[in-house]
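A look at the structure
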Amino acid sequence: MTSMPSPLLLAVLLAAPPSAAPETPVPVDQEPRHRMVLRNDYVEVLRVTLPPGESTGLHIHSHDGVAVFLAPATITMDVPGQPSRGPLELVPGGVSVQSYARQPFTHRVINAGTTAFEVLDVELLQRPEGPPVEALAPPAAEHDSARAYAWRLAPGAATSQHVHRRPYLIVAATPLQLLMQSPDGGSFEHLVAAGDVHWVDVPVTHVLANRGTADGTIVEIEVK
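Rules used throughout
Note on numbering: residues in each chain are counted from 1, in written sequence order. The model is predicted, so local features are restricted to residues of pLDDT at least 70 and side-chain atom pairs to those at 80 or more, both for listing and for counting; the totals for chains, interfaces and linings are taken over all residues. Processing note: side-chain calculations cover all non-hydrogen atoms of the structure and skip hydrogens and water entirely. Only strands that DSSP links by at least two bridges are regarded as paired with each other. Runs of H or I in DSSP of at least four residues are treated as helices and runs of E of at least two as strands, each being numbered from the N terminus. Axis angles are defined between N-to-C directions and span 0 to 180 degrees, where every axis is a line fitted to C-alpha atoms and, for a helix, only to the segment in contact. Think of a nonpolar core as a cluster: buried Ala, Val, Leu, Ile, Met, Phe, Trp, Tyr and Cys residues, connected wherever their side-chain atoms sit within 4.5 Å. Only protein chains enter the accessibility calculation, which uses a 1.4 Å probe. A residue is then buried if its area is under 20% of the maximum for its type, exposed if over 50%, and partly exposed in between. Any two residues whose heavy atoms approach within 4.5 Å are treated as being in contact. The working definition used for a salt bridge is a side-chain nitrogen of Lys or Arg within 4 Å of a carboxyl oxygen of Asp or Glu.

Right, let's get into the sheet that holds strand β2 (residues 34-39). In space, the five strands of this open sheet follow the order β2-β3-β10-β5-β8, with antiparallel pairing throughout. If you trace the sheet from one side to the other, it starts and ends with β2 and β8 (95-98), each paired once. Across the sheet, the mean angle separating the axes of adjacent strands is 20 degrees when strand polarity is ignored.

Listed below in structure tokens is the structure:
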């Protein structure tokens, strides 16, 4: 005769939670922590904010990308099937590039520090028309899809005059009283906040200057 489980054992079995299903990775722009701030035919700009101890979900990068860090932070990364990566120490104005167009990359980011993790994730969707150009200055980082220039400006300092012949994204990596001047004498000054972005798709010749009282960093991401 088959014995029946005792009432106590039956109660325990019924109360046990079901096994958690494996997490399914989603495209990066569908991961809830990645908030869209700009999108056009060429770039998609996502902002991530992670308080200490929190993490993104598993997500997939399938385009070449550029990351611009907006705050000091310590992170680790989980990559399925691999050991955890990190900790990585990040600083405002830091720039990194990722080449994922040929080989998509899946991961989760964990804030392992005591300050909020703030980053702009720029996904390069396609190349605008037009011929390639030489670098306008030594890039902070580059790959097949873009060059990133990081202008770290002390109060009163300015970049050299430079010419953008390719479409580009300008990013304020830190708060800054920014002055933009053109050779014809035109100028525009305004206060920018960390994470502010602006897409420019016409040729531009300008000088960028810091009119504030604190150091600041501007990043220009020129699409190749």
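Below, the discussion takes up unusual backbone geometry. Trans peptide bonds make up the majority, and among non-glycine residues the majority have a negative phi. Cis rather than trans, the peptide bond between Gly86 and Pro87 has omega equal to 10 degrees. Looking at the secondary structure, you find Pro87 in strand β7 (residues 85-90).

Here the focus is the nonpolar core. Nonpolar side chains tend toward joint burial in soluble globular proteins. By size, the foremost hydrophobic cluster in this structure holds 20 residues, and its most contacted members are Val43, Val66, Val68, Val122, Leu169, Val219 and Ile221. Mapped by element, the contributors of at least two residues to this core are β3 (43-50), β5 (65-69), β10 (117-124), β12 (146-153), β14 (168-172) and β19 (216-223). Apart from residues lying up to four places away in sequence, Val68 is in contact with Gly94, Glu118, Val119, Leu120, Val171, Ala173, Val219 and Ile221. Residues Ala137, Ile170, Leu176 and Val204 belong to the second largest nonpolar core, which totals 14 residues.

Note on pairing: side chains with opposite charge can pair once their charged atoms come close. Taken as a whole and judged by the stated rule, the model has eight salt bridges. A salt bridge links Glu142 to Lys224; the shortest N-O distance between them is 2.8 Å. Of this pair, Glu142 sits in strand β11 (residues 141-142) while Lys224 sits in the segment after β19, and the two are 82 residues apart along the sequence. The shortest N-O distance in the salt bridge between Arg211 and Glu189 comes to 3.9 Å. Taken together, the residues span a long stretch of sequence, with Arg211 in the loop between β18 (204-210) and β19 and Glu189 in strand β16 (residues 187-192) at a distance of 22 residues. Each of Glu23, Asp78 and Arg108 takes part in one network of salt bridges that share partners.

Purely spatial values, then, with no claim about function.
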